[in-house]
Amino acid sequence: MRIHAFRTALMSIKRNYHSAKGTNRLMRLNSSLLDTKWIQVPVFTWVIEHPEGVIVIDTGETANVHNPSHFPAYQLPYWETQYRFMIEPQDELGAQMQRAGIPVQDVRWVVLTHTHFDHTDGINQFENSEIVISRKEHDDVYRYRSLHFAFPANWSKRLKMNIIDYVPEAMGPFSESYPLTKSGDVRIVPTPGHTLGHQSVVLQNEGLSYFFAGDASFDLLSLMNNIIDAPAFDADKTRKTRQKILDFALDTPTVYLTTHDLETGRRLEQRIPLYEDKHFPNRKQQPKERATRVYHRSI
Ligand SMILES: [Zn+2]
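Anyway, here's the lowdown on the structure attached to this text.

What counts as what
- Residues numbered from 1 in each chain as written.
- Predicted model: local features only at pLDDT ≥ 70, side-chain atom pairs only at ≥ 80, totals over all residues.
- Heavy atoms only, no water.
- Helix = DSSP H or I, 4+ residues; strand = E, 2+ residues; numbered from the N terminus.
- Rg over C-alpha atoms; globule rule 2.2 N^0.38 Å.
- Buried < 20%, exposed > 50% of the residue type's maximum accessible area, 1.4 Å probe, protein only.
- Contact = heavy atoms within 4.5 Å.
- Pairing = 2+ DSSP bridges.
- Donors = N, O, S within 2.8 Å, 3.2 Å for Na, K, Ca; no water.
- Tetrahedral: all angles 85-135°; square planar, octahedral: opposite > 155°, others 65-115°.
- Phe/Tyr/Trp six-rings, centres within 6.5 Å; stacked < 30°, edge-to-face > 60°.
- Core = buried A, V, L, I, M, F, W, Y, C linked by side-chain atoms within 4.5 Å.

## Digging into the overall build of the chain
Along its length, the chain carries nine helices and 13 strands. Rg of the C-alpha trace for the chain: 18 Å, near the compact-globule value of 19 Å for 299 residues, within the 12% margin. Overall, the C-alpha framework of the chain stretches about 50 × 40 × 40 Å when taken along its three principal axes. Taking all 299 residues of the chain together, the buried fraction comes to 60%. Of the contacts formed within the chain by residues at least 6 apart in sequence, a portion of 69% connects residues at least 24 apart.

Next comes the structure, spelled out in structure tokens:
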């Protein structure tokens, strides 16, 4: 089995988008809107070459994000002033996978942690795959559409959605889960908070768990220091979910992999368990290299 972390883009966001101020979501989003300081974060996706089929976790950004028609016209002032995207067509996940010798046609499952734009804009590259989404996330994205920070209007009509319900099979502190593989080594667990339908993927291999956490926290620093991001829908649920992740990682050594952590690739390559990682990212760090980068781990 091989696991890959593909960085599909670098994205500049307001500092308060990452570390929001305020007790409710409106205040948090407002603190981000008014902030004048920017930080740069990566947009990671993951690919597991599993014996039962290739698993993709989140689809990353698309270069089409540079096209104003990507956004609803009335929201353009927001998107053009609050985000800066560094991505070209050759950086998209499909193109990167092709170069790594994993054709997108071979992908069996695409698990969406949630449907925010930076996790689903690349979804149209996966018309041949089964798109695995939680029922709550599916309901919310089609109900709120672009107000859910997602653009389902841009999604191909040919996508094959598999809307999942969790079963009462506990995995540590998580009372419910969804078995993705027959062998039972890859399970999906509900991790609500950032969105109410947010979910994470856990691969268990030889006593080590790989926790693909999406935006359960933007990075390890946020998990350890209880930093809530501006778009997080429900801060209380976010904290409860994070406590479960921390408890889970106490029971079983866990490599914690999030979408917007500059250190995600290094953590995967070196298999550094959560509680043993002393190298918290320095948020002033600005990568000088191009947007894309790929990290590999054979297990
Ligand atoms: Zn995100």
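## Re the environment of Pro152
Mapped onto the elements, Pro152 comes out in the loop between helix H6 (135-144) and strand S7 (160-164). Excluding residues within four positions of it along the chain, Pro152 makes contact with Val141, Tyr142 and Arg145.

## Let's talk about the sheet that holds strand S9 (residues 186-190)
Sheet architecture is open: five strands sit in the order S8-S9-S10-S11-S12, paired in mixed fashion. Both outer strands of the open sheet, strand S8 (178-179) and strand S12 (254-258), are each paired with one neighbouring strand and no more. When S8 meets S9, the two strands line up antiparallel, connected through two bridges. Paired with Pro179 across the strands is Arg187, a residue of S9.

## Observations regarding the coordination of the zinc ion
The coordination sphere of the zinc ion contains the protein donors Asp118 (OD), His119 (NE2), Asp215 (OD) and His260 (NE2), at a distance range of 2.1 to 2.2 Å. Between the four donor atoms coordinating the zinc ion, the angles at the centre fall across 80 to 168°, so the site counts as irregular. Counting along the primary sequence, the residues that act as donors to the zinc ion give the motif D-H-x95-D-x44-H. In this pair, Asp118 sits in helix H5 (residues 117-120) while Asp215 sits in the loop between strand S11 (208-214) and helix H7 (220-225), placing the two residues 97 residues apart along the sequence. Note on accessibility: Asp118 and Asp215 belong to one class, buried.

## As for unusual backbone geometry
Not every positive phi belongs to a glycine, and Asp58 is a case in point at roughly 70°. Tracing the sequence through the fold places Asp58 in the loop between strand S3 (53-57) and helix H3 (76-82). For Asp58, a relative accessible area of 0% translates into the label buried. With a phi angle near 55°, Asn226 is a residue other than glycine that sits in the positive phi range. Among the secondary structure elements, Asn226 is positioned in the loop between H7 and helix H8 (235-251). Residue classification places Asn226 among the partly exposed residues on the basis of a relative accessible area of 43%.

## A short note on the packing of aromatic side chains
Scanning the model with the defined rule gives 21 aromatic pairs in all. With a centroid separation of 4.7 Å and an interplanar angle of 20°, the aromatic rings of Trp79 and Tyr83 are classed as stacked. Of the two residues, Trp79 and Tyr83, both sit in the buried class. Measuring from ring centre to ring centre gives 6.0 Å for Phe174 and Phe211, while their planes differ by 35°; the resulting arrangement is tilted. Of this pair, Phe174 sits in the loop between S7 and S8 while Phe211 sits in strand S11, and the two are 37 residues apart along the sequence. Using a relative accessible area of 1% as the deciding quantity, one classes Phe174 as buried.

## Some points on the pairing of S9
Counting buried positions along S9 yields five of five residues, so the element is predominantly enclosed. Taking every second residue as pointing to the same face, both faces of S9 are buried, with Val186, Ile188 and Pro190 on one and Arg187 and Val189 on the other. The antiparallel pairing of S8 with S9 creates a hairpin that spans six residues between the two strands, and Gly184 there sits at a positive phi of about 80°. Note: S9 against strand S10 (residues 199-205), five bridges, orientation antiparallel. Opposite Pro190, over in S10, you have Gln199 as the bridge partner.

## Thoughts on the pairing of S10
Within S10, six of the seven residues are buried, which leaves the element mostly enclosed by the surrounding structure. What sits between S10 and S11 in their antiparallel hairpin is a turn of two residues, with Glu206 showing a positive phi close to 45°.

## Re the nonpolar core
The biggest cluster of nonpolar side chains holds 25 residues, and the ones touching the most others in it are Ile55, Leu180, Ile188, Tyr210 and Phe212. At the level of elements, strand S1 (2-14), strand S2 (38-50), S3, strand S5 (107-111), S9, S10, S11 and S12 are the ones that each hand at least two residues to this core. Setting aside residues up to four positions removed in sequence, Ile188 forms contacts with Val111, Val132, Ile164, Tyr166, Ser177, Tyr178, Leu180, Gln199, Ser200 and Val201. Counting 20 residues, the second largest nonpolar core, distinct from the first, contains Phe71, Ile87, Phe117 and Phe218.

## Thoughts on the environment of Gly207
Summarising the element assignment, Gly207 is placed in the loop between S10 and S11. Gly207 sits in the exposed class, given a relative accessible area of 59%. Residues Gly207 and Thr252 lie 45 residues apart in sequence; the distance between their C-alpha atoms is 7.1 Å. The contacts of Gly207, once residues within four sequence positions are left out, are Thr252 and Pro253.

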